[in-house]
Amino acid sequence: MEITIERIAKKKTYTIGRMTIDGEYFCDTLEPTWRDIGWGRPGRKIPGKTAVPNGRYAIAVSFSPKFKKWLPLLLGVPMFSGIRIHSGYTPADTEGCILVGDNKAKGTLYNSKATMQRLMRKLASRPLGEGIWITIE
C-alpha cells in the first residue's frame, strides 16, 4: 500500500497536505510548520513544532501507549521518533504527528475521528503481508 502526502500549504503555524492512497485522494492532513533550511538538507527541527522531513518511510501499525489504541507509526524518520498518524483538529493537537480529516477552514480539520477510523479500516483491508509506505513531498 502506497500513501502519499502532497503538502499544499506551508504556513507560519501549520502545514496542510492532501493524502492519497494507491493514487486515489483519501483526505486532507494537518502538521506543524515545515522548517526548511534549503540546500537539500533536512529542515531545522524544533521539538513538537516541526513537520516530518520530506521522504519515503515505512509504516507499522502498532499500539500507542499515549493514545491507548492501534495507530500507524512512521519508521526511520531522521531526527524524529514516535511519529504517528492520528486524529486531531488544530496545530495544538499535534507534536509533529500527521493529523487526518477534511480541511474546510484555514489551519483546521473537520471529521478527523471518522477519517481516522476510515483510514484504519483501509489499512486493515490490505492483503495479508503487504507493506505500508508513505511518501511525503
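So, how was this worked out
- Residues numbered from 1 in each chain as written.
- Predicted model: local features only at pLDDT ≥ 70, side-chain atom pairs only at ≥ 80, totals over all residues.
- Heavy atoms only, no water.
- Core = buried A, V, L, I, M, F, W, Y, C linked by side-chain atoms within 4.5 Å.
- Buried < 20%, exposed > 50% of the residue type's maximum accessible area, 1.4 Å probe, protein only.
- Helix = DSSP H or I, 4+ residues; strand = E, 2+ residues; numbered from the N terminus.
- Contact = heavy atoms within 4.5 Å.
- Pairing = 2+ DSSP bridges.
- Salt bridge = Lys/Arg side-chain N within 4 Å of Asp/Glu carboxyl O.
- Disulfide = S-S within 2.5 Å.

In this structure, Ile3, Met19, Leu74, Ile85, Leu119, Ile134 and Ile136 are the most contacted members of the largest nonpolar core, which totals 24 residues. When residues of this core are traced back to their parent elements, those giving at least two are strand E1 (2-10), strand E2 (15-21), strand E3 (24-31), strand E4 (55-64), strand E5 (69-75), strand E7 (98-105), helix H1 (112-124) and strand E9 (132-136).

Mapped onto the secondary structure, Thr29 falls in strand E3. When its relative accessible area of 0% is taken as the criterion, Thr29 is described as buried. For Thr29, the residues in contact, after removing those within four places along its chain, are Ile5, Thr15, Ile16, Gly17, Arg18, Met19, Ile98, Leu99, Val100 and Leu109.

As paired strands, E1 and E9 are joined by four bridges and run parallel to one another. Following the sheet pairing, Glu2 is matched in E9 by Trp133. As defined by bridge partners, E1 adjoins E2 across seven bridges and the pair is classed as antiparallel. Within E2, the position partnered with Glu6 by the bridge is Arg18. Following E1, the chain reverses through four residues before pairing antiparallel with E2.

Most peptide bonds adopt trans geometry, and most residues besides glycine take a negative phi value. For Asp22, which is not glycine, the phi dihedral falls at a positive 50°. The phi angle at Lys68 is positive, at roughly 60°, despite the residue not being glycine. Position of Lys68 relative to the elements: it lies in the loop between E4 and E5. What makes Lys68 exposed here is its relative accessible area of 64%.

Quick look at the pattern of salt bridges now. For side chains bearing opposite charge, pairing can occur when the charged atoms are close. Under the defined criterion, the tally for this structure stands at four salt bridges. For Arg56, the salt bridge goes to Glu2, with nearest N and O atoms at 2.5 Å. Taken together, the residues Arg56 in strand E4 and Glu2 in strand E1 connect sequence positions 54 residues apart. For Glu2, a relative accessible area of 32% puts it in the partly exposed group. A salt bridge links Glu95 to Lys66; the shortest N-O distance between them is 3.8 Å. Here Glu95, found in the loop between strand E6 (85-87) and E7, pairs with Lys66, found in the loop between E4 and E5; they are 29 residues apart in sequence, far enough to count as distant. Side by side, Glu95 and Lys66 carry an identical accessibility label, which is exposed.

This brings us to the state of the cysteines. Scanning the model with the defined rule gives zero disulfides in all. Not engaged in a disulfide, the cysteine Cys27 finds its nearest cysteine sulfur in Cys97; these two sulfurs lie 15 Å apart. On the accessibility criterion, Cys27 (0% relative accessible area) is buried. With relative accessibility at 9%, the residue Cys97 sits in the buried group.

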